[in-house]
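Chains, contacts and geometry: an overview
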Amino acid sequence: MTQDDAAPGHFISFEGIDGSGKSTQTQLLADKLRDAGHDVLLTREPGGSPGAEEIRKLVLKGDPDRWSAETELLLFTAARRDHLERLIEPALADGKIVICDRFADSTRMYQGVSRGDLRGKVDTLHSLMIGREPDLTLLIDMDPAQGLARAKSRKGTEERFEDFGTDLQEKMRAGFLELAKQYPDRMRTVDGTATVAHVAAQIWRIVSAHLDKAQ
Ligand code: TYD
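These figures come from a predicted structure and were not determined experimentally. (Residues numbered from 1 in each chain as written. Predicted model: local features only at pLDDT ≥ 70, side-chain atom pairs only at ≥ 80, totals over all residues. Heavy atoms only, no water.)

Around the ligand, the surrounding shell holds 17 residues, and the nearest of these are D18, K22, R102, T107 and Q111. Within the side chain of R56, a nitrogen or oxygen atom sits 3.2 Å from an oxygen atom of the ligand. The contact in question runs from an oxygen atom of the ligand to an N or O atom on the side chain of R80, over 3.2 Å. Relative to its free-state accessible area of 550 Å², the ligand is covered by the protein chains to the extent of 93%. Elements with a contribution of two residues or more to the shell around the ligand: α2 (50-60), α3 (69-93) and α4 (104-114). In terms of residues, the shell around the ligand owes the most to one element, α4, which gives four residues. Considered class by class, the residues forming the shell around the ligand number five nonpolar, four polar and eight charged. (Near = heavy atom within 4 Å. Polar contact = N/O pair within 3.5 Å; in protein donor to acceptor, adjacent residues only side chain to side chain. Areas by Shrake-Rupley, 256 points an atom, 1.4 Å probe, with all protein chains shown as cover. Helix = DSSP H or I, 4+ residues; strand = E, 2+ residues; numbered from the N terminus. Nonpolar A, V, L, I, M, F, W, Y, C, P; charged D, E, K, R; others polar.)

Structural data, given as structure tokens:
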């Protein structure tokens with residue numbers, strides 16, 4: 001699968017550590033874009049398509065050591081391939097704005113850096129099986145202690161990654177900021193410690209400028 005720059009839609013991903021406020025902000029952005037008359041698909045990873053949601057259940061539930069980082073890499077990539085084929089690419093071809101809560105940058109960080117030294121394998125598998133980057137990626141940056149407190153307060157059953165603790169989240173924060181330097185053309189960093197409204201305003205400025213430029 002190759003990057004389809006000719007597709008009329010826009011592909012926007014959100015990244016950040018657990019509890020950084022991505023789900024709130026993706027929802028607010030989707031609402032605002034719809035109010036402005038855009039056709040929006042709001043989706044998330046792992047998951048999004050029925051097959052990928054099945055894989056989500058496998059990877060997010062159970063003991064933290066249920067899978068090795070290598071097996072996780074394969075599972076997340078399989079889920080992404082299904083999501084891309086069945087949901088994201090058709091939506092982009094229809095001219096929609098696709099907002100995705102996490103995409104390949106999460107694999108670069110979680111499986112590539114924090115859970116093992118697999119970054120080379122992550123990139124190879126990505127170019128073999130995915131071959132597509134978002135047009136714009138919003139990185140919500142924040143202090144891991146604050147993020148983890150939020151994530152834990154949700155008390156869900158999908159806690160495998162949240163159980164890894166603050167050290168992992170610290171490593172991830174640094175890794176995400178490094179990644180933003182590696183992909184300056186598509187990645188923008190937003191200060192996630194501000195109020196929800198202020199973070200949403202920062203995001204709106206970046207997305208509006210991106211859409212204006214793309215016209
Ligand atoms: P989720 O409950 O959606 O967390 P969040 O709201 O923080 O996004 O769980 C997603 C978890 O899966 C999260 O801890 C990050 C992890 N993950 C990976 O390890 N690799 C990946 O490729 C993706 C997409 C997510």
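On the basis of which strands lie adjacent, the open sheet formed by five strands has the order β2-β3-β1-β4-β5 and parallel pairing. Looking at which strands have only one partner, the edges of the open sheet turn out to be β2 (40-44) and β5 (187-191). Ignoring which end each strand starts from, the neighbouring axes of this sheet average 20 degrees apart. Where β2 and strand β3 (residues 97-101) come together, five bridges link them in parallel fashion. (Pairing = 2+ DSSP bridges. Axes fitted to C-alpha atoms, helices over the stretch in contact; angles between N-to-C directions.)

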